[in-house]
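Each chain, letter by letter, is given below.
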Amino acid sequence: MRLPAGVDSGVVRAARLAATGLRGAGPGDAPAVVDALLAVQGQELQPALWGVSRRVAPASRPGRAALNAALADGELLRTHVLRPTWHLVCPRDARWLLELTAPRVERLMASTERSWDLGDLGPGTDAVAAVVADGPRTRAEIKAELVARGVLASDAPGLAFTQMLMHAELQRLVISGPPPAGKELQHQSYAAFDDRVGAGYGPLGERFDAEDAVVELWRRYLPGRAFATVNDLRLWSDVTVRDLAPALAALVDAGDVVQVPGVGDLDGLTLVATAATAQAWADGGTVDDGGQEAAGGRPVADLLQAYDELLMSYRETRHVVLDPALPPADRAGAYVHSLAVDGVVAGRWRWPAGRTALDVQWLREPTAAERVALDAAVADLDAYLA
């Protein structure tokens, strides 16, 4: 097997564009995209769904209605998991990911609750599960019912209700439900967890094993992320290095994963990748573009949602998508989303209220070719929103 002697930012960036699905032919539908990435961060829900759509094969790329329907129908689910924050996951992965990461999250939540003197939230959490037992309910409906049952004071701080909902999610009592009729874009609803997630632990089988779960975490994270460090996965998953290291060692011993030294501005770091990824990029790599690359070496612009996996999957090595000549991007106001040119952040943009001209803040003066590339990306967004 031929492996790279070392990888620099250029190779790592190109490999990540391909692995995260922004380049290449892409899977056939949105659930396959999320399955390939394991989890997709989704605080900004509609922009997150747009980000998923960009990774579907161009010939079958869905529009906004189809993405929202996939979430409503339960082909995709949204819940607090991993760090935790909102993530889109496939049903088969929801149970084992929560089992793996929820205990640590709940310990952190307990500290917050003590500092706010919120008391025992257990009765409220149980009441959340009881409210959705007969069918999905909106966030507002659940809150009103908790007040009516006397487990949530009408003047309680908003954090108390939020923590009750999060405990119910982490304890696998509730998960995202379908939106109310006529409000297809408003997904602040909850359903009984077991009504939306099948029995068992997906790829782990009928029984949960923590060590097997961490191995599975590595197996699923790396193919969709290309080259990454242990700390990248630690900060993405909130699983400790103490737990990640033995699982990584086992995969390296088995020959499934390799370790490659970083060079250039990655010097001193050890990056890990699947053996297949490392071999593919040993000589710079190639991508079956599936019609997504601009011809003639022209730039490609990507309208990335604020928490796109190209940005959020990494922490220690996120700088490979940043231009060191530019000041740190300002996320003030509504400009939270990132404009990337050939995988390097070059601006910010605002999610449009409708099919209107896109509001973009360049961080530097774009070239004429880059403006053309942005126009193409805006046209794709317009078609998606239509």
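Residue positions are counted from 1 within each chain, in the order its sequence is given. Reporting in this predicted model follows two pLDDT cut-offs: at least 70 for local features of residues, and 80 or more for side-chain atom pairs to be given and counted; totals over whole chains, interfaces and linings ignore these cut-offs and use all residues. With hydrogens and water set aside, each side-chain value is computed from the structure's full complement of heavy atoms.

Relative to each other, helix 11 (residues 230-237) and helix 12 (residues 241-253) sit at 125 degrees, their axes nearing to 10 Å. Compared by their axis directions, helix 11 and helix 12 come out oblique. The handedness of the crossing between helix 11 and helix 12 comes out as right-handed. Contacts between helix 11 and helix 12 pair Val230, Asn231, Leu233 and Arg234 from the former with Val241, Leu244 and Leu248 from the latter. Note on residue classes: Ala, Val, Leu, Ile, Met, Phe, Trp, Tyr, Cys and Pro are nonpolar, Asp, Glu, Lys and Arg are charged, and everything else, Gly too, is polar. Its residues assigned to classes, the contact of helix 11 with helix 12 comprises five nonpolar, one polar and one charged. Every axis in this analysis is a line fitted to C-alpha atoms, fitted for helices over the stretch in contact. Angles between the N-to-C directions lie between 0 and 180 degrees. Put simply, DSSP H or I for four residues or longer makes a helix, DSSP E for two residues or longer makes a strand, and each gets a number counted from the N terminus. In what follows, roughly perpendicular refers to angles from 65 to 115 degrees, roughly parallel to angles under 35, roughly antiparallel to angles over 145, and oblique to any angle outside these ranges. For a crossing to be left-handed, the near helix must be turned anticlockwise from the far one by less than a right angle; the clockwise case is right-handed. Throughout, a residue-residue contact means that at least one pair of heavy atoms, one from each residue, lies within 4.5 Å.

The next thing to look at is the pattern of salt bridges. Two side chains of opposite charge can pair, provided their charged atoms sit close to one another. For this document, the term salt bridge refers to a Lys or Arg side-chain nitrogen within 4 Å of an Asp or Glu carboxyl oxygen. Enumeration over the complete set of coordinates arrives at 17 salt bridges. The partner of Arg23 in a salt bridge is Asp302, with the nearest N and O atoms 2.9 Å apart. In this pair, Arg23 sits in the loop between helix 1 (9-19) and helix 2 (30-37) while Asp302 sits in strand 9 (residues 301-304), placing the two residues 279 residues apart along the sequence. The exposure classification of Arg23 matches that of Asp302, with both residues buried. Salt-bridge contacts for Arg92 lead to Asp35; the nearest nitrogen and oxygen are separated by 3.0 Å. One end of the pair, Arg92, is in helix 5 (residues 91-116); the other, Asp35, is in helix 2, with 57 residues separating them in the sequence. Salt bridges here are not isolated pairs; linked through shared partners, they connect Asp35, Arg92, Asp93, Glu216 and Arg220. Relative accessible area decides the class of each residue, using a 1.4 Å probe on protein chains only: under 20% of the type maximum gives buried, over 50% gives exposed, and in between gives partly exposed.

Residue position: Leu49 is located in helix 3 (residues 45-53). For the pair Leu49 and Leu88, spaced 39 residues apart in sequence, the C-alpha to C-alpha distance is 8.9 Å. For Leu49, the residues in contact, after removing those within four places along its chain, are Leu67, Asn68, Leu88 and Tyr384.

Right, let's talk about unusual backbone geometry for a bit. Between Arg83 and Pro84 the backbone carries a cis peptide bond, its omega angle lying at 5 degrees. Structurally, Pro84 can be placed in the loop between strand 2 (77-81) and strand 3 (85-89). Even without being a glycine, Asp117 presents a positive backbone phi close to 55 degrees. Unusually for a residue other than glycine, Ala226 sits at a positive phi of about 65 degrees. On the secondary structure map, Ala226 appears in the loop between helix 10 (210-221) and helix 11. Using a relative accessible area of 0% as the deciding quantity, one classes Ala226 as buried.

Glancing now at the side chain of Arg55. Looking at the secondary structure, you find Arg55 in the loop between helix 3 and helix 4 (64-72). We call two N or O atoms a polar contact when they sit within 3.5 Å, provided that within protein one can donate a hydrogen and the other can accept it, with sequence-adjacent residues counted only if both atoms are side-chain atoms. At a separation of 2.8 Å, a polar atom in the side chain of Arg55 contacts the side chain of Asp308. Not counting residues within four places of it along the chain, the set of residues in contact with Arg55 comprises Thr20, Gly21, Leu22, Gly26, Pro27, Val33, Leu37, Asp308, Glu309 and Leu310.

With that out of the way, let us pick up the nonpolar core. We define a nonpolar core as any set of buried Ala, Val, Leu, Ile, Met, Phe, Trp, Tyr and Cys residues linked to one another through side-chain atoms lying within 4.5 Å. Trp96, Leu97, Leu100, Leu217, Trp218 and Trp236 are the most contacted members of the largest nonpolar core, which has 40 residues in total. Secondary-structure elements contributing two or more residues to this core are strand 2, helix 5, helix 8 (158-170), helix 10, helix 11 and helix 12. Here this core takes eight residues from helix 5, the largest share from any one element.

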